[in-house]
Amino acid sequence: MILPIVSYGTKVLKQKAQDISNDYPNLERLIEDMFETMYEANGVGLAAPQIGRSIRLFIVDGSPFTDENPEMNGFRKVFINPKIIEESGEEWSFNEGCLSIPSVREDISRLSKVRICYQDQDFNIIDEEYDGTKARIIQHEYDHIEGVLFTDYLSTFKKRLLKRKLNDITKGNVKVDYRMKFPLKKGR
Ligand code: NI
């Protein structure tokens, strides 16, 4: 089932999400629905707060980047209760977007490597290190469960330039070709 993605301005996106246990109701179904929702929106990552649930769960599938980066082939994963242990390497800039902030893209600088401890869909504990684009997707999605959006990293000047556009998004005044929910949309 395709779930509506909540937009910028929705409270749940600014909340720090909670860990879940392996008896979380209908978890398998939720994860399936999140993949379906992400693919429909042509995303490479989706975090539970983006579908309105404040829980520490995100999914990634980097395959759309396979053409430019063969390493991304098969990078399809579920991260449950993740904790970033360490970020290292060099800072590098990547043009990020977010399914909750349609039509906005900005260059964001982050460290190139990330070590993350998480549970997979069977609740096995896993400790892994990623770099490059994989690390970047993980860092962006991880931020979502910490209540952080990439726009939070922009300079005051950039934020001012974007203010109107972001306000429009909260009201649903944006063109988007997937299912969304906007906090200040009138009617319906
Ligand atoms: Ni995002």
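Up top is the structure.
Here the structure is a predicted model, which means the values were calculated and not measured.

Participant: Just give me the short version of the overall build of the protein, but keep the residues and values in it.
Facilitator: Summing up its helical and strand segments, the protein has three helices and seven strands in all. Starting at the N terminus, the α and β elements of the protein follow one another as β-α-β-β-β-β-β-α-α-β. At 16 Å, the protein has a C-alpha radius of gyration in line with the 16 Å of a compact globule built from 188 residues. Oriented by its inertia axes, the alpha-carbon framework of the protein measures out at about 45 × 40 × 30 Å. Burial statistics for the protein: of 188 residues in total, 47% are counted as buried. Accessible surface, the protein: about 10100 Å² in total, of which carbon and sulfur atoms supply 46%. In the protein, the 28 positive side-chain charges and the 30 negative ones have mean positions that sit 11 Å from each other.

Participant: I'd love a proper account of the packing of aromatic side chains, names of residues and values included.
Facilitator: One pass over the structure, following the stated rule, counts seven aromatic pairs. Seen in terms of ring centroids, Phe58 and Phe79 are 4.7 Å apart; in terms of plane orientation they differ by 20 degrees. Their pairing is stacked. Taken together, the residues span a long stretch of sequence, with Phe58 in strand S3 (residues 57-61) and Phe79 in strand S4 (residues 76-96) at a distance of 21 residues. For the pair formed by Phe58 and Phe79, the shared burial category is buried. On the basis of an interplanar angle of 65 degrees and a centroid distance of 6.5 Å, the ring pair of Phe79 and Tyr130 is categorised as edge-to-face. One end of the pair, Phe79, is in strand S4; the other, Tyr130, is in strand S6 (residues 125-131), and 51 residues separate them in sequence.

Participant: If you had to explain the pattern of salt bridges to someone new, which residues and values would you point to?
Facilitator: Side chains carrying opposite charge are able to pair once their charged atoms draw close together. Counted under the stated rule, the structure contains eleven salt bridges. With its nearest N and O atoms 2.7 Å apart, the salt bridge here joins Asp152 to Lys14. With a gap of 138 residues between them, Asp152 in the loop between helix H2 (132-145) and helix H3 (156-170) and Lys14 in the loop between strand S1 (5-6) and helix H1 (27-40) connect regions that are remote in the sequence.

Participant: An account of the pairing of S4 is requested, with residue identities and associated values reported.
Facilitator: Each regular strand carries side chains that alternate between the two faces of the sheet. Relative to S4, S3 runs antiparallel, the two being bridged by five bridges. In the strand pairing of S4, Phe58 is matched with Phe79.

Participant: Quick one: what's the story with the environment of Ile145, residue by residue and with numbers?
Facilitator: Here Ile145 shows up in helix H2. For Ile145, a relative accessible area of 0% gives the class buried. Along the primary structure Ile145 and Arg56 are separated by 89 residues, whereas in three dimensions their C-alpha atoms are 5.6 Å apart. Once residues within four sequence positions are removed from consideration, Ile145 is found in contact with Gln15, Lys16, Ala17, Ala47, Pro49, Ile55, Arg56, Leu57, Phe58 and Pro82.

Participant: Tell me about the side chain of Glu141, and name the residues and values.
Facilitator: Note on placement: Glu141 falls in helix H2. Despite being buried, Glu141 has no salt bridge partner; Arg110 is the closest side chain of opposite charge, sitting 8.5 Å away. Polar contacts involving the side chain of Glu141 include one to the main-chain amide nitrogen of Leu46, which spans 3.5 Å. Within the structure, the side chain of Glu141 is placed 3.3 Å from the backbone nitrogen of Ala47, a separation counted as a polar contact. Among residues more than four places away in sequence, those in contact with Glu141 are Gly45, Leu46, Ala47, Gln50, Phe58, Ile59 and Val60.

Participant: Go over unusual backbone geometry with me, naming the residues and quoting the values.
Facilitator: Despite not being glycine, Asn42 has its phi angle at roughly 55 degrees, a positive value. Its place among the elements puts Asn42 in the loop between H1 and strand S2 (45-47). The backbone phi angle of Phe123 is positive, close to 65 degrees, even though this residue is not glycine. Checked against the element boundaries, Phe123 lands in the loop between strand S5 (106-119) and S6. Exposure remark for Phe123: the relative accessible area of 16% places this residue in the buried category.

About the criteria used
Residues numbered from 1 in each chain as written. Predicted model: local features only at pLDDT ≥ 70, side-chain atom pairs only at ≥ 80, totals over all residues. Heavy atoms only, no water. Helix = DSSP H or I, 4+ residues; strand = E, 2+ residues; numbered from the N terminus. Rg over C-alpha atoms; globule rule 2.2 N^0.38 Å. Buried < 20%, exposed > 50% of the residue type's maximum accessible area, 1.4 Å probe, protein only. Areas by Shrake-Rupley, 256 points an atom, 1.4 Å probe, with all protein chains shown as cover. Lys, Arg positive; Asp, Glu negative; His and termini not counted. Charge placed at Lys NZ, Arg CZ, Asp CG, Glu CD. Phe/Tyr/Trp six-rings, centres within 6.5 Å; stacked < 30°, edge-to-face > 60°. Salt bridge = Lys/Arg side-chain N within 4 Å of Asp/Glu carboxyl O. Pairing = 2+ DSSP bridges. Contact = heavy atoms within 4.5 Å. Polar contact = N/O pair within 3.5 Å; in protein donor to acceptor, adjacent residues only side chain to side chain.

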